[in-house]
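Residues per chain, in single letters:
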Amino acid sequence: QECSKKQKNDDTQSTSVDALSSNDGFEEKNEFHTLANAKVLLSDCLACDNCMTSEEGARVFQQNQKELFRILNLNKKCDTSKHKVLAVSICPQSLPYFAAKFNLSVNDAAKRLCGFLKSLGVHYVFDTTIAADFSILESQREFVQRYQRRNQEEHALPMFASACPGWIRYAERVLTNLVTSHICTAKSPQQIMGSLVKGYFARQQNLSPDKIFHVIVAPCYDKKLEALREDFYTALYNSQEVDCVLTSGEIVQIMEQKNVSMKDVTEVAVDSLFDEIKEGDVVRHDGKRSDGYLEHIFKHAAKELFGIDVKEITYKALKNKDFQEVTLEKDGETVLRFAAAYGFRNIQNMVLKLKKGKFLYHFVEVLACPGGCLNGKGQAQTEDGKPDKALLNQMEEVYAAIPVRLPETNMHVQRMYQDWLEGMDSKKVQETLHTKYSAVNQTASNLDIKW
């Protein structure tokens with residue numbers, strides 16, 4: 001069965017969107033009503049709607065600008081018992097989009113985006129880099145443990161990265177048990193940020209998690225699906241870790257409809273999760289087009305397992321630029337073999353090798369988008385839905401120029417492991433920073449979707 005996104009059926013999709021939107025109970029006219037009509041079509045999403053339930057589809061459609069404006073409008077009313085603290089967390093791969101699009105430095109883009117969001121009524125604006133710090137550190141530790149258990153456990157290796165929700169969706173709904181046991185259990189940066197905001201930050205502010213409305217600004221639409229996962233819901237507080245995901249492009253739509261230019265917005269420093277201090281300059285992790293799981297895990301494993309300090313990583317392109325490998329040799333023997341597989345063409349080739357038992361890699365950084373997260377469909381697209389290659393090249397240059405900070409050097413992270421998570425090997429670390437991935441039963445016709 002071919003992926004339904006290949007079938008251009010925009011009229012049907014638009015009808016379903018309108019039907020859902022007309023019943024959402026938010027018809028009241030207010031200062032945001034002209035902005036509340038932007039919609040997300042399933043054709044914009046990497047996840048095939050063959051593996052999306054109708055309930056999930058409805059909830060994805062609710063994650064648009066209208067939901068943000070509903071909270072903003074609620075906060076303007078007199079009933080303070082219904083007010084929400086509105087927090088927005090911005091993914092590092094979104095900032096180069098704003099910088100390139102508006103011809104700003106990445107630091108200026110971050111401050112002006114923060115200023116714009118606060119002018120709407122947002123209370124806090126955070127950078128999710130700290131959440132990626134946690135995710136990378138946990139992934140590093142898990143890989144070393146899996147490598148050490150590789151002869152005792154059949155599914156210990158290879159290990160697949162877990163940060164990309166499009167890949168996770170495909171693995172759980174289509175590839176099933178062949179792959180899910182190999183996926184790293186560390187949560188993605190988005191969902192760890194959800195835990196930080198609804199857990200750590202809520203406690204610091206003496207707030208119940210359900211009193212915070214948490215929005216993520218991300219490069220792709222699949223992040224909306226990820227936010228809906230049942231394992232990222234706290235029944236005690238009737239609260240998701242992430243309440244709404246808006247793409248970078250959806251934020252620009254708000255600016256355009258309010259006739260606001262980024263260059264006219266007052267710069268405001270991005271907030272920190274810690275007391276009243278503000279974030280400094282934007283930093284990133286190793287890796288030219290992603291959060292750098294491959295590079296960080298490779299260097300950590302080389303040091304921990306073989307006592308080798310790797311300073312620079314050399315990538316070897318295989319079939320195409322989106323499938324590359326990295327190897328480590330010791331005494332003439334290849335002891336580590338990692339790969340980066342971006343885009344579903346490369347993912348399918350990788351899975352085919354796994355099925356045939358010809359899989360040589362210990363770890364694979366898997367991303368659904370060709371070109372990586374910067375090329376998410378929520379930002380680097382032209383009006384006709386094609387990749388904006390010129391803008392993407394600019395974004396890659398901006399991202400590559402951002403200074404690298406190793407997650408191990410973040411003192412806030414080290415302190416939170418001790419003060420909030422009760423140590424690096426605690427039960428709370430497993431509960432807060434990890435999840436589990438498992439096969440989801442689908443109908444027989446959906447088990448061989450081609451991307």
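Anything mentioned here points back to the structure above.
Given the structure is predicted, the values throughout are model-derived calculations rather than measurements.

Draft legend 1. A look at the nonpolar core. If you look at the biggest cluster of nonpolar residues, it comprises 51 residues, and the most contacted ones within it are Phe143, Phe160, Trp167, Leu336, Met350, Phe363 and Val364. At the level of elements, helix H6 (129-148), strand S3 (159-160), helix H7 (165-175), helix H12 (293-306), strand S9 (323-330), strand S10 (333-342), helix H13 (344-355) and strand S11 (363-367) are the ones that each hand at least two residues to this core. Grouped together as the second largest cluster of nonpolar side chains are 44 residues, Leu86, Phe116, Val252 and Val270 included.

Draft legend 2. Seen up close, the side chain of His214. Positionally, His214 belongs in strand S4 (residues 212-218). Residue classification places His214 among the buried positions, given a relative accessible area of 0%. Here the side chain of His214 touches Ser89 through a polar contact of 2.8 Å, side chain to side chain. Among the polar contacts listed, one links the side chain of His214 to the backbone oxygen of Glu241, at a separation of 3.1 Å. Those residues in contact with His214 that lie beyond four places of it in its chain are Ala87, Ser89, Met193, Gly194, Val197, Lys198, Glu241, Val242, Asp243 and Cys244.

Draft legend 3. Highlighting the pairing of S9. Two elements, strand S8 (residues 316-320) and S9, share 3 bridges in a ladder whose sense is antiparallel. Residue pairing for S9: Asn320 is matched across the bridge by Phe323. Remark: 2 residues form the turn of the hairpin made by S8 and S9, two consecutive strands paired antiparallel. Taken together, the 8 bridges between S9 and S10 define a ladder with antiparallel strand orientation. Its bridge partner lying in S10, Gln324 is registered against Ala340. Hairpin connection, S9 to S10: the antiparallel pair is bridged by 2 residues, and Asp331 has positive phi, about 55°.

Draft legend 4. Representation of the packing of aromatic side chains within the structure. The full count for this structure, using the stated rule, is 18 aromatic pairs. Ring geometry for Phe143 versus Phe338: centroids 5.2 Å apart, planes at 75°, classification edge-to-face. Within this pair, whereas Phe143 is found in helix H6, its partner Phe338 is found in strand S10, the two being separated by 195 residues in sequence. Each member of the pair, Phe143 as well as Phe338, carries the same accessibility label: buried. Aromatic side chains Tyr147 and Phe306 sit 5.9 Å apart centroid to centroid with 80° between the ring planes, which places their arrangement in the edge-to-face category. Of this pair, Tyr147 sits in helix H6 while Phe306 is found in helix H12, placing the two residues 159 residues apart along the sequence. The exposure class assigned to Phe306 is buried, which follows from its relative accessible area of 16%. Grouping aromatic residues by their ring pairs yields a cluster made of Phe143, Tyr147, Phe298, Phe306, Phe338 and Phe363. Arg150 extends its terminal NZ or CZ atom over the ring of Tyr147, reaching a point 4.1 Å from the ring centre. A cation sits over an aromatic face here: Arg284 above Tyr399, 5.4 Å from the ring centre.

Draft legend 5. Representation of empty space enclosed by the protein. Evaluation of the coordinates by the stated rule reveals 2 cavities of 30 Å³ or more. Of the voids in this model, the largest cavity is the one considered here, and its volume is about 280 Å³. Contributing to the lining of the largest cavity are 23 residues, with Gln93, Ala163, Lys223, Asp291 and Cys373 lying nearest its centre. Of all the secondary structure elements, the ones that give two or more residues to the lining of the largest cavity are helix H9 (189-204) and S11. Split into classes, the residues belonging to the lining of the largest cavity amount to 14 nonpolar, 6 polar and 3 charged. Formed jointly, the lining of the largest cavity draws a minimum of three residues from each of two domains, domain 1 (54-130 + 189-258) and domain 2 (135-187 + 285-433). Of the pockets and cavities examined, the second largest cavity occupies roughly 30 Å³. Lining the second largest cavity, in full, are Phe126, Asp127, Ile130, Met193, Leu273, Phe274 and Glu279. For the lining of the second largest cavity, the class distribution of residues is 5 nonpolar, no polar and 2 charged.

What counts and what doesn't
Residues numbered from 1 in each chain as written. Predicted model: local features only at pLDDT ≥ 70, side-chain atom pairs only at ≥ 80, totals over all residues. Heavy atoms only, no water. Core = buried A, V, L, I, M, F, W, Y, C linked by side-chain atoms within 4.5 Å. Buried < 20%, exposed > 50% of the residue type's maximum accessible area, 1.4 Å probe, protein only. Helix = DSSP H or I, 4+ residues; strand = E, 2+ residues; numbered from the N terminus. Polar contact = N/O pair within 3.5 Å; in protein donor to acceptor, adjacent residues only side chain to side chain. Contact = heavy atoms within 4.5 Å. Pairing = 2+ DSSP bridges. Phe/Tyr/Trp six-rings, centres within 6.5 Å; stacked < 30°, edge-to-face > 60°. Lys NZ or Arg CZ within 6 Å of the ring centre and 35° of its normal. 1 Å grid on protein atoms, 1.4 Å probe; cavity = no way out; pocket = protein on both sides within 12 Å on 5 of 7 lines; lining within 4 Å. Points joined across faces, edges and corners; volume = space filled by probe spheres on them. Nonpolar A, V, L, I, M, F, W, Y, C, P; charged D, E, K, R; others polar. Domains from an automatic or database assignment.

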